[in-house]
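Summary of structural features
Chain residues, written in single-letter form:
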Amino acid sequence: MTRSDLVEELAARFGQLTHRDAEYAVKTILDAMSDALVRGHRIEIRGFGSFSINRRPPRMGRNPRSGESVQIPEKRVPHFKPGKALREAVDQRTVQIQAAKK
């Protein structure tokens, strides 16, 4: 699902929302989540999952073209951990879809 698919779904489910309002709502939520992660906060959405920041320590890498060693600096990257309800729902639906194909 893409961002525009999410906007379409939101506008379709809630008739009182225009496409523009749904787009603004999705943008606002994603911006707020991004800002929280940038500030180092953890985001937890019960029944869905949590977003946090993981630290990748500096390391030595290798340039594939020249074979030369390259220092790769420390990075902070977003990490998503699905919640129990989401994991179980995905697992259950996957099993149902595979059973229907047989």
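Residues numbered from 1 in each chain as written. Predicted model: local features only at pLDDT ≥ 70, side-chain atom pairs only at ≥ 80, totals over all residues. Heavy atoms only, no water.

**Some words on the pattern of salt bridges**
Just so we agree on the cut-off: For salt bridges, the criterion is a side-chain nitrogen of Lys or Arg within 4 Å of an Asp or Glu carboxyl oxygen. Elements are defined by DSSP. Helices are runs of H or I of four residues or more, strands are runs of E of two residues or more, and each kind is numbered from the N terminus. Partly exposed describes any residue whose relative accessible area lies between the buried limit of under 20% and the exposed limit of over 50%, with all areas from a 1.4 Å probe on protein chains only and scaled to the type maximum.
Evaluated as defined, the whole model comprises six salt bridges. With a shortest N-O distance of 2.7 Å, lysine 27 and aspartate 31 are connected by a salt bridge. Of this pair, lysine 27 and aspartate 31 both sit in helix 2 (residues 19–38), four residues apart, which is roughly one turn of the helix. Taking relative accessible area as the criterion, lysine 27 reaches 41% and is therefore assigned partly exposed. Look at the salt bridges and you will find they share partners, linking Arg42, Glu44 and Arg46 into a network.

**Looking at the pairing of strand 4 (residues 69–72)**
Filter applied, for reference: Only when DSSP finds a minimum of two bridges between them are two strands counted as paired.
Here strand 3 (residues 59–62) pairs with strand 4 via four bridges, running antiparallel. Paired with arginine 62 across the two strands is serine 69, which belongs to strand 4. Counting the residues between successive antiparallel strands, the hairpin from strand 3 to strand 4 contains six residues, one of them, glycine 67, with a positive phi of roughly 80 degrees.

**Quick notes on the packing of aromatic side chains**
Definition in use: Here is the rule: rings of Phe, Tyr and Trp (six-membered ring for Trp) pair when centre to centre is within 6.5 Å. Planes less than 30 degrees apart are stacked, more than 60 are edge-to-face, and the remainder are tilted.
For the coordinates displayed, the defined rule picks out two aromatic pairs. When the ring of phenylalanine 48 is compared with that of phenylalanine 80, the centres are 5.4 Å apart and the planes differ by 45 degrees; the resulting orientation is tilted. With phenylalanine 48 in the loop between strand 1 (43–45) and strand 2 (49–56) and phenylalanine 80 in strand 5 (residues 75–82), this residue pair connects regions lying 32 residues apart in the sequence. Where phenylalanine 51 meets phenylalanine 80, the ring centres are 4.8 Å apart and the plane angle is 45 degrees; that geometry is what we call tilted. Taken together, the residues phenylalanine 51 in strand 2 and phenylalanine 80 in strand 5 connect sequence positions 29 residues apart.

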